[in-house]
Amino acid sequence: MTAAENSIVTDKSLAPEGHLKIDWVQAHMPVLNRIREQFEKEQPFRGLKVAISLHLEAKTAYLAKVVQAGGAEVTITGSNPLSTQDDVCAALVEDGITVFAKYNPDPKEYKELMIKTLETRPDLIIDDGGDLVTILHSERRDLLEGVRGGAEETTTGILRLKSLEKEGRLEFPMVAVNDANCKYLFDNRYGTGQSVFDGINRTTNLVVAGKTVVVAGYGWCGKGVAMRAKGLGAQVVVTEIDAIKAVEAYMDGFTVLSMSDAAKIGDYFVTVTGNRDIIRGEHYEVMKDGAILSNAGHFDVEVNKPELEAQSVSVRTVRRNIEEYQLKDGRKIYLLAEGRLVNLAAGDGHPAEIMDMTFALQAMSLKYMNDRYEQIGKAVVNVPYELDEQVARYKLESLGISIDRLSDEQKAYLDSWQEH
Ligand SMILES: NC(=O)c1ccc[n+]([C@@H]2O[C@H](COP(=O)([O-])OP(=O)(O)OC[C@H]3O[C@@H](n4cnc5c(N)ncnc54)[C@H](O)[C@@H]3O)[C@@H](O)[C@H]2O)c1
């Protein structure tokens, strides 16, 4: 069957709009374009099947096309029910990629689309959040055979992989793309920082300046969100559980509070911890009328929705991607994008120039995995430093920036223990 016959998408006639979106990002992804040229020549994935689960929007679509240009037969599905864009899916089908993805499928269908992706019997996997790998290691172990390995995009997925590895149950190797410098320093920090406010601002159309923004978690993503909130003129409060990160946030000029205290004063809340129940019942009880809640962590468990519902007398959609919860005492609390990643479910995700580096790492890591999977064995491994550095060098070249090189004398000086 052809990709077009096999695919499950919402509406194939949306393809022209999807092609325009993909063309736009491609023009802003010079590093990935270079890798595409290399792949076209070298055909590293000739004859192989690659299954991808990522937030299915234009940048991801372009990554799928780059892997296809390297000779692979590519099948793609979403990694969150609300981040799939139907026009982009339709365009990919026209480009010969098998797509099993729709915007907002119900949870059962969402899972079925993932399973269909795995039923293509991939040799290699690109995962985001660990769902493909988890299905293969639990209910569909019959599909494990033949999987050589893959690459994982995000912090949460890597935590899940490491937990499988620790229990001795990981069945194939995975590269931890998130842990490369060219990923977390730029994607998690600058990408999440900018795109979270793109999502919040376009959804609410309200001002940020002068408001109090509470950022839960001061990891790589949280630092970016706090930085952007400050740039937009907000008073920024950070909550943490890690003492070192909390001191860092304080030294960066932010107010550090417990969530119990922050809940009383926040106008906007952004959770970005990768953990669950960060905002919960006791916090809703003390929040200001009109507080706006959002999440940018991978799963929709950071804002406890069941407890918010239980404390509410009514829930209604007041604007696209905004749910109004009216509490028993009359206060209203607003939740954006059902508590799913606000930058992707209510926006277009990170800027193309940021995903250029992330997806260059993804593409190179997949090739690395295919070249080395037998030597690596059943382990979670880091992106080799040379690949990480190469992405940075390509990026600098695309920006027309040259940097200095160590002279022989400088190298010798740095390598010497003798008196300086
Ligand atoms: N929205 C996006 O586009 C996007 C992009 C990259 C990563 N992510 C996701 O965002 C989440 C965070 O990623 P990261 O790279 O910043 O991770 P990280 O590990 O660098 O940071 C997470 C921080 O949250 C803190 N934390 C944990 N539990 C907490 C709690 N109860 N209260 C307050 N703070 C708490 C940790 O101490 C840590 O500092 C993950 O789920 C990741 O997959 C989202």
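See the structure shown above.
Residues numbered from 1 in each chain as written. Predicted model: local features only at pLDDT ≥ 70, side-chain atom pairs only at ≥ 80, totals over all residues. Heavy atoms only, no water.

On to helix H5 (residues 86-94). For an α-helix, 3.6 residues make a turn, and residues three or four places apart therefore share a direction. Burial runs high along H5: eight of the nine residues are buried. Regarding H5, the residues found buried are Asp86, Asp87, Val88, Cys89, Ala90, Ala91, Leu92 and Val93. Contact partners of the buried residues in H5: helix H1 (3-6), helix H2 (15-26), helix H4 (58-69), strand S2 (73-77) and strand S3 (98-100). In the segment just after H5, Gly96 is the residue with positive phi, at about 90°. (Buried < 20%, exposed > 50% of the residue type's maximum accessible area, 1.4 Å probe, protein only. Helix = DSSP H or I, 4+ residues; strand = E, 2+ residues; numbered from the N terminus. Contact = heavy atoms within 4.5 Å.)

Lining the immediate environment of the ligand, one finds 28 residues, of which Thr154, Thr155, Thr156, Glu240 and Asn343 sit closest. At 2.8 Å, a side-chain N or O of Asn188 approaches an oxygen atom of the ligand. For the ligand, whose unbound accessible area comes to 870 Å², protein coverage reaches 86%. Every element with two or more residues in the shell around the ligand is listed here: helix H8 (155-166), helix H9 (181-204), helix H10 (220-231) and helix H15 (342-345). (Near = heavy atom within 4 Å. Polar contact = N/O pair within 3.5 Å; in protein donor to acceptor, adjacent residues only side chain to side chain. Areas by Shrake-Rupley, 256 points an atom, 1.4 Å probe, with all protein chains shown as cover.)

Turning our attention to helix H16 (residues 352-376). In this model, H16 (25 residues) spans only 32 Å end to end at C-alpha, well below the 36 Å of a helix rising 1.5 Å per residue. At Asn370, H16 is bent by approximately 50°, the largest bend along its length. Of all 25 residues in H16, 18 are buried; the element is thus mostly enclosed. Positive phi appears at Gly377, one or two residues downstream of H16, with a value of about 75°. (Expected span 1.5 Å × (residues − 1). Bend = angle between axes of the 7 residues up to and from the residue.)

Moving on: the sheet that holds S3. With respect to topology, seven strands assemble into an open sheet ordered S3-S2-S1-S4-S5-S6-S15, the strand pairing being parallel. At either end of the open sheet lies a strand with only one pairing partner, and these are S3 and strand S15 (380-382). Each strand axis lies, on average, 20° off the axis of its neighbour in the sheet, ignoring direction. Bridging between strand S6 (residues 174-176) and S15 involves three bridges; their strand directions are parallel. For Met174, the partnering residue across the bridge sits in S15 and is Val380. (Pairing = 2+ DSSP bridges. Axes fitted to C-alpha atoms, helices over the stretch in contact; angles between N-to-C directions.)

With the exception of glycine, the majority of residues adopt a negative phi angle, and the majority of peptide bonds are in the trans configuration. The phi angle at Arg121 is positive, at roughly 60°, despite the residue not being glycine. Take Arg121: it is sitting in the loop between helix H6 (107-118) and strand S4 (124-127). A residue is classified by how much of its surface remains accessible, and Arg121, at 35% relative accessible area, is partly exposed. The residue Glu338 is not glycine, and still its phi comes out positive at about 55°. With respect to the element layout, Glu338 can be found in the loop between strand S14 (332-336) and H15.

So, about the packing of H2 against H5. Relative to each other, H2 and H5 sit at 90°, their axes nearing to 7 Å. Judged on the interaxial angle alone, H5 and H2 are roughly perpendicular. When H2 is examined against H5, the residues Ala15, Glu17, Gly18, His19, Lys21 and Ile22 are found in contact with a partner set consisting of Asp87, Val88, Ala90, Ala91, Leu92 and Glu94. The class makeup of the residues in the contact of H2 with H5 is six nonpolar, two polar and four charged. (Parallel < 35°, antiparallel > 145°, perpendicular 65-115°, else oblique. Nonpolar A, V, L, I, M, F, W, Y, C, P; charged D, E, K, R; others polar.)

Attention shifts here to the sheet that holds strand S7 (residues 212-216). Spatial ordering of the open sheet is given by S9-S8-S7-S10-S11-S14-S13-S12, a layout of eight strands whose pairing is mixed. Looking at which strands have only one partner, the edges of the open sheet turn out to be strand S9 (255-256) and strand S12 (312-319). The pairing of S12 with strand S13 (residues 322-327) spans six bridges and is antiparallel. By the bridge assignment for S13, Thr317 is matched with Glu323.

With 57 residues, the main nonpolar core has Ile35, Val67 and Val99 as its most contacted residues. With 12 residues, the top contributor of residues to this core is H16. In this view, Val99 contacts Ser7, Ile8, Val9, Leu56, Ile76, Cys89, Leu92 and Val93; residues no more than four positions away in its chain are not counted. If you look at the next biggest cluster of nonpolar residues, it comprises 28 residues, including Phe197, Val215, Val225 and Val342. (Core = buried A, V, L, I, M, F, W, Y, C linked by side-chain atoms within 4.5 Å.)

Turning our eyes to something else, we now look at a nonpolar patch on the surface. There is a patch of nonpolar side chains on the surface, built from Val247, Tyr250, Met251 and Val256 and spanning about 430 Å² of accessible area. The leading source of residues in the nonpolar patch is helix H11 (residues 243-251), at three residues. With relative accessibility at 64%, the residue Met251 sits in the exposed group. (Patch = residues over 30% accessible without salt bridge, like charges linked within 9 Å, V, L, I, M, F, W, Y side chains within 5 Å. Salt bridge = Lys/Arg side-chain N within 4 Å of Asp/Glu carboxyl O.)

So, about the pairing of strand S1 (residues 49-53). Every regular strand shows the same layout, with side chains that alternate between the two sheet faces. Across the five residues that make up S1, a large majority, four, are buried. In terms of strand pairing, S1 meets S2 through five bridges, oriented parallel. Across the sheet, Ser53 pairs through a bridge with Thr77, a residue of S2. For the crossover that starts at S1, traverses H4 and ends in the parallel S2, the hand is right-handed. Pairing analysis gives three bridges linking S1 to S4, with the strands arranged parallel. For Ile52, the partnering residue across the bridge sits in S4 and is Ile126. (Right-handed = clockwise from strand over helix to strand, strands pointing away.)

Positionally, Gly191 belongs in helix H9. Each residue touching Gly191, except ones within four places of it in the same chain, is listed here: Phe186, His350, Pro351 and Ile354.

Under the counting rule described, the total for this entry stands at three aromatic pairs. Look at Phe39 and Phe45: their rings are 5.3 Å apart centre to centre, the planes differ by 85°, and that puts the pair in the edge-to-face class. The same class applies to Phe39 and to Phe45, which are both buried. With a centroid separation of 6.0 Å and an interplanar angle of 65°, the aromatic rings of Tyr218 and Phe254 are classed as edge-to-face. Highlighted residues: Tyr218 in the loop between S7 and H10 and Phe254 in the loop between H11 and S9, separated in sequence by 36 residues. The same class applies to Tyr218 and to Phe254, which are both buried. The lysine or arginine in question, Arg34, covers the ring of Tyr394, its NZ or CZ lying 3.8 Å from the ring centre. (Phe/Tyr/Trp six-rings, centres within 6.5 Å; stacked < 30°, edge-to-face > 60°. Lys NZ or Arg CZ within 6 Å of the ring centre and 35° of its normal.)

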